Every structure is written in structure tokens, then in C-alpha cells.
Amino acid sequence: MARTYKDMRNLLENLNEPQRTAVTTTEGPVLVVAGAGSGKTRVITYRVAYLIGTMRVPPRNILAVTFTNKAAEEMRGRIHKLLGATELESWIGTFHATCAQLLRREAGRLGYKSNFAIYDESDQSRLVKHCMKKLSLPERDYSPNAVLSRIGLAKSNMLSPAEFEGGASDYFEEEVARVYKIYQRSLRENNAMDFDDLLNNALKVLVEHPDCLEKYQGLFRYILVDEFQDTNRVQYDLVRRLAGEHRNLCAVGDDDQSIYSWRGANVENLLNFQSDFPEAVAVFLEENYRSTQLILEAANAVIENNGRRKPKRLWTQNKGGEKILWFPAINERVEAKYIVDRVRELKAEYPDLKNGDFAVFYRTNAQSRVLEDEFRSAGMPYTIVGSLRFYDRKEIKDALAYLKVIANPSDGVSLRRIVGTPPRGIGGVTLDRAEAFAEQEGISLFDSFGRASEIPR
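Conventions adopted
Residues numbered from 1 in each chain as written. Predicted model: local features only at pLDDT ≥ 70, side-chain atom pairs only at ≥ 80, totals over all residues. Heavy atoms only, no water. Phe/Tyr/Trp six-rings, centres within 6.5 Å; stacked < 30°, edge-to-face > 60°. Buried < 20%, exposed > 50% of the residue type's maximum accessible area, 1.4 Å probe, protein only. Core = buried A, V, L, I, M, F, W, Y, C linked by side-chain atoms within 4.5 Å. Helix = DSSP H or I, 4+ residues; strand = E, 2+ residues; numbered from the N terminus. Contact = heavy atoms within 4.5 Å. Expected span 1.5 Å × (residues − 1). Arc of directions from axis to C-beta. Salt bridge = Lys/Arg side-chain N within 4 Å of Asp/Glu carboxyl O.

### Quick notes on the packing of aromatic side chains
- Using the criterion set out here, one finds 11 aromatic pairs in the structure.
- Residues F228 and Y236 carry aromatic rings whose centres are separated by 5.8 Å and whose planes lie at 80° to one another, so their mutual orientation is edge-to-face. Neither F228 nor Y236 differs from the other in exposure class; each is buried.
- The structure contains a cluster of three or more aromatic residues connected by ring pairs, namely F228, Y236, F273 and F277.

Encoded structure:
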């Protein structure tokens, strides 16, 4: 039975003209260059609602991808609200979640079991350290995080261990290549994939199995990609191939907000979109709903110095605004002292202000230390907002490791985590011997435990 949704006739009344164009231009490729605060998320959610509610496109034929779980959840919630639906049979999620969903169906084509484990950053770090130990690479000389970061960059550029080794430019990369080779082999032995593997293996399935590509090209009649400026080579190749039949690809992004090149993002994917899709319609969203004109003028003055960008100039109906105060500090301590002094001045000027009326934003957690020192020295109470994420807490990761081993006994990284939790008198040396036996016999670490009597010493 076909589902019915809310009346969509008034849907477009809430959009300005460029937004309306972006929503209703459904056939063929569309590039939406959306400045900060210009209603980018609204365009994406309204476009999906328009496709389903007005064009009567079955939800399962729409693929909408973004970069964070929070953004995906917000997108899903807004679409449900617009359509008056509690759930939809649609593919709305992050790149990684979408690829994982595809691979749960197709992993057997690559020799994986469908219950493969997905290693998060903590699992990856533990595995890299284990691989480095095998190669006798001391952590004091080779940071596991740096090694893992370099492996991730290689994967985002679609370089296999052998290809990366062939292109190694210095001694560090040569050592990383050695780790990469063992790391990838260990993932396979553990029936596991890391986040980069989810993307690469999904692409590999489509490239190596034409019938699989044909199936998903037929399924995804309409594809929407949020934050397109942050896509890397693999992600772009994925959506380009999936859109190959219907070519109804809507890319939404802003080259002025491209800041993730250090992790493989390639803004050229957005800048060259119309070269790869010459029939694409370009829509520019330049009206800002978030800031004052004064802030936008300052932002425009800075960003227009970038010579490689799509030309646009943000504007708003919110005229005027507070003047921007700029303080050039020579170091982080001078900066922190200035902030504390400024808080003190404002409290003296406005006696009704309380400490809780002030907020200090900083880019990375490492910056909080100096600020805390200065606030303590000034005798001003403060609260640090944010802590370990729920799934990063030790007790949660321990519990999840048990569940992962139950679901996938080949997951040696999770098994290593729980074998001594709680303590059972099984130390590192015993584990190393069991693992050596497992490699020798071509079995998993879990299976080697069942044959402990065969392991020497």
C-alpha cells in the first residue's frame, strides 16, 4: 500500500527564490553553492520532501549523505517532520554508515563475512600499536597516531600497501608502509574494517562487480550530497559512479568552508563539478539568515582574497550589528590574559552580569589549559563544557568489546581488550604466543585459545 504524506502544496512558500530553484530542479545534476547561514540544510531537507511528497518518488530510491551522525539525524528528523512521517524506507546517513549498510549486503563478494567488525579510532590505534610491536618499532620514535594518520591519508587517496610502499618518499613513509601492510592483513584476519575501508571496499564492490553497480545505480534514482567541499577522492568516485545512470546528483557545499584538506578532503571536487557534469545547473545561495551585515562584510573582505573559489558575496536583511573587536596576541598566554581582563571589564561596566553570562570558544581542547590557568589566577570560577564521549568511556568500550567478540569471534583486537577484563592471569606474553600459534595455523586468536594445549610453553 502506498503511503500518504502531508499536503506539499505550501512547501515552497517558506523558501526564497534561489532555494526554490535548488529544491525544484530535480532532473539532472545540480550544484548548490551555499554560503554560511544561507539555509543549506533547509534546501536539502525540502528537496527530499519535495521528491517524496510532490514528485511521488519512493523513499528507497533516494540517497542522501552527509559527514556527521548529528547532521544525518537532524536531516532525517526535519524530513520526517515535513512529511508527517515517523519513519521512511530511505538511505539517509553519513558516507560511512551508508557504505557499511551496502557492505552488510555485499561484503561476501570481497571475501568478508557479513558480520564484519568496524574498528573505531581506539581499535585502530590498538591494532597499529600491535603491528608496530611486531616490527620492533618503538613508540618513542614513531607516534602510533602519526602512523595511523598517514595510513588513513593513503587510503583516502586509494593507495594499497604496495602502492604506498612504491611511492614512499622518506624513511618514515618506508616504515609506515611496513606497518600498513601488516595492519591491513590483520584487519582481514579479524574480519574487520576501519572507517576508510568502509569507503574503499564499497567502491571496490562497485568497480569489480558490474552487476552490483547496476543494481545500486537503479536503486538510487536521486542522490544528494551535503558538505560536498569535504569529499575526498573515494567519496567523490562513489557518488559519481552511483549517479552514472540517472545523473540526478545534487551536490551542496561551499568552497569557502573547505578546511579538511589535511585529512584528504579535496575542494576540487566542488570546483570541477561542472567539468564532470557539464549539463549541471548551478544555484548560488547568498542570503545569510544567521549574522549581521557588519560581520558578513568583514568575512567577505577576508575570503575574497582566495583566488580559487566560486564567486559569491553573502548579504543579509539584518543590517548593522556590533562592531568586531580584533586583538592580535603575541602568544597564547597574552591571549588568555586579554580574555580574562575583558570579562573583568564587562562585569565592572554591567554589574548585573554573572560569570555564567560569558562563554569562551576555542578550536581545540589543548587551548583550554592556558585559559584555565588565567581564570584560576584571577579567582574567577569557570566550567569546562564537554568531556569524553559516551562510547569513549572505558567501561562502555569494554562492554562493547564483549558484544563484538560474541558477534564476530574473529575480532582479535576486541578479544585482546577483554581477555584481561576482569583480570584472569593471562598476560601479554601468553597472548603473543597464542597469536603466533594462530598465525602459524592460519586460525583466529579466538580459535587458538581452544587449542591452548598445543601451544608450546
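After presenting the structure, the write-up continues.
### Examining the nonpolar core
- One finds L103, Y216, F220, I223, V225, F228 and F273 to be the most contacted residues of the largest nonpolar core, which totals 42 residues.
- Among the elements that make up this core, the one with the highest residue count is helix α9 (residues 195–208) (6 residues).
- Dropping the residues within four chain positions of it, V225 is found in contact with V65, F95, T231, V239, L249, C250, A251 and V252.
- V30, A34, L83 and V252 belong to the second largest nonpolar core, which has 31 residues in total.

### Things to note about helix α19 (residues 428–441)
- For α19, spanning 14 residues, the distance from its first C-alpha to its last is 20 Å, which sits close to the expected 20 Å at 1.5 Å a residue.
- Three or more residues of α19 are buried, namely L431, A434, E435, F437 and A438. Down the axis of α19, the buried set is contained in an arc of 160°. They therefore lie on one face. When the buried face of α19 is taken as reference, the exposed residues oriented beyond 90 degrees from it are V429 and Q440.

### Quick notes on unusual backbone geometry
- Residues T421 and P422 are joined by a peptide bond in cis, for which omega reads 0°.
- For P422, the location among the structural elements is in the loop between α18 (412–418) and α19.
- The phi torsion at R247 lies on the positive side, around 60°, for a residue other than glycine.
- As for its placement among the helices and strands, R247 is situated in the loop between α11 (233–242) and β7 (249–253).

### Quick word on the pattern of salt bridges
- Here the structure, examined in full by the defined rule, presents 39 salt bridges.
- Of the charged contacts, one joins E73 and R76 as a salt bridge, the two residues approaching to 2.8 Å between their closest N and O atoms. In this pair, E73 and R76 both sit in helix α3 (residues 69–83), 3 residues apart, roughly one turn of the helix.
- For R76, a relative accessible area of 23% translates into the label partly exposed.
- In this structure, the salt-bridge partner of R185 is E189, at a minimum N-O distance of 4.0 Å. Placement of both R185 and E189 in helix α8 (residues 171–189) is noted, with a separation of 4 residues, approximately one turn of the helix.
- What makes R185 partly exposed here is its relative accessible area of 44%.

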